[in-house]
Amino acid sequence: MANKKYWLIKSEPDAYSIDDLKRDKKTCWDGVRNYQARNFMRDEMKVGDLVLYYHSNAKPPGVVGLARVSRTAYPDHTALDKKSKYYDPRATKDKPIWMMVDIEFVERFPQVISLDTLKQTKGLEKMRVVQRGQRLSVQPVEAAHFQVIRKMAK
DNA sequence: GCCAACGTTGGC
DNA sequence: GCCAACGTTGGC
């Protein structure tokens, strides 16, 4: 597939871990409430794109596995659900504001590639996730960075 | 639990 | 449209 992109998505393992994804096989990536992250999902994520799964607020934080985009962006229904913690009163059916994609489980790495390891790895110095103050929960990953990490996973 | 970094909100 | 105040993220 031409122009395949690579991504990194963050999740707190207490909320939804790679093991949860493995169990469910696929999930809708709801609850993203950041415009930049939403735009990446809405405008650039394509079916088949590979996604590094990152555990934030974990011990240690790091990349724990691989997922794949299985459905392009569609409205995030949790924004319309008053009972959801992701409810956004500004969202309507016509203007849902927030979008989500579906992702499916690919693999769980045999060991976590910790943030600390990523920071120490040559070639990854420019990777977004190792930059200070980088909070985006959905971010693009350069192909070269992706390949380095994939090799490290073995 | 702390707090730096960052995004969003809202008064002006 | 500026920017201070506030809320959230996420490493430590």
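Definitions and limits used
Residues numbered from 1 in each chain as written. Chains lettered and ligands numbered in written order. Predicted model: local features only at pLDDT ≥ 70, side-chain atom pairs only at ≥ 80, totals over all residues. Heavy atoms only, no water. Near = heavy atom within 4 Å. Polar contact = N/O pair within 3.5 Å; in protein donor to acceptor, adjacent residues only side chain to side chain. Nonpolar A, V, L, I, M, F, W, Y, C, P; charged D, E, K, R; others polar. Phe/Tyr/Trp six-rings, centres within 6.5 Å; stacked < 30°, edge-to-face > 60°. Helix = DSSP H or I, 4+ residues; strand = E, 2+ residues; numbered from the N terminus. Buried < 20%, exposed > 50% of the residue type's maximum accessible area, 1.4 Å probe, protein only. Salt bridge = Lys/Arg side-chain N within 4 Å of Asp/Glu carboxyl O. Pairing = 2+ DSSP bridges. Axes fitted to C-alpha atoms, helices over the stretch in contact; angles between N-to-C directions.

## Notes on the protein's contact with DNA strand C
So, point 1. If you check the shell around DNA strand C, you find Lys 10, Tyr 54, Ser 56, Asn 57, Pro 61, Leu 115, Lys 119 and Arg 135 and nothing else.
So, point 2. Of all DNA strand C atoms lying within 4 Å of any protein atom, the proportion belonging to sugar or phosphate reaches 68%.
So, point 3. A distance of 3.0 Å is found between a phosphate oxygen of DNA strand C and a side-chain nitrogen or oxygen belonging to Lys 10.
So, point 4. Within the contact set of DNA strand C, a phosphate oxygen lies 2.6 Å away from a side-chain nitrogen or oxygen of Tyr 54.
So, point 5. Of the residues contributing to the surface near DNA strand C, the split by class is 3 nonpolar, 2 polar and 3 charged.

## Description of the packing of aromatic side chains
So, point 1. Counted according to the given criterion, the structure contains 4 aromatic pairs.
So, point 2. Judged by centre distance (5.7 Å) and plane angle (80 degrees), the ring pair of Trp 29 and Tyr 53 falls under edge-to-face. Linking Trp 29 in the loop between β2 (26–28) and α2 (35–44) with Tyr 53 in strand β3 (residues 50–55), this pair joins segments that are 24 residues apart in sequence. Considered together, Trp 29 and Tyr 53 belong to a single accessibility category, that of buried residues.

## Section: the pattern of salt bridges
So, point 1. Applying the stated rule across the entire model yields 9 salt bridges.
So, point 2. Here Asp 43 ties to Arg 42 by a salt bridge, and the two come within 2.8 Å at their closest N and O atoms.
So, point 3. A relative accessible area of 42% means that Asp 43 is categorised as partly exposed.
So, point 4. With relative accessibility at 38%, the residue Arg 42 sits in the partly exposed group.
So, point 5. Among the charged side chains, a salt-bridge network with shared partners connects Asp 20, Arg 23 and Asp 24.

## Description of the environment of Gln 120
So, point 1. Assignment of secondary structure puts Gln 120 in helix α3 (residues 115–120).
So, point 2. As for Gln 120 and Val 130, which are separated by 10 residues in sequence, their C-alpha atoms are 9.6 Å apart.
So, point 3. Separated by 3.2 Å, the side chains of Gln 120 and Asp 116 make a polar contact.

## Considering the protein's contact with DNA strand B
So, point 1. Every residue lining DNA strand B is accounted for by Asn 34, Tyr 35, Arg 90, Arg 132, Gly 133 and Arg 135.
So, point 2. A distance of 3.5 Å separates a phosphate oxygen of DNA strand B from a polar side-chain atom of Arg 90.
So, point 3. At a separation of 2.7 Å, a base oxygen of DNA strand B approaches a polar side-chain atom of Arg 135.
So, point 4. For the surface near DNA strand B, the residue count by class is 1 nonpolar, 2 polar and 3 charged.

## Considering the sheet that holds strand β1 (residues 6–11)
So, point 1. Strands sit in the order β2-β5-β4-β3-β1-β6 across an open sheet of 6 strands; the sheet is mixed. In the strand order of this sheet, the two ends are held by β2 and β6 (138–141), each with one partner. Averaged over all pairs of adjacent strands, the angle between their axes in this sheet comes to 35 degrees, without regard to strand direction.
So, point 2. Pairing of β2 with strand β5 (residues 99–114), which is carried by 3 bridges, proceeds in the antiparallel orientation. Each bridged residue has a counterpart across the sheet, and for Cys 28 the counterpart in β5 is Asp 102.

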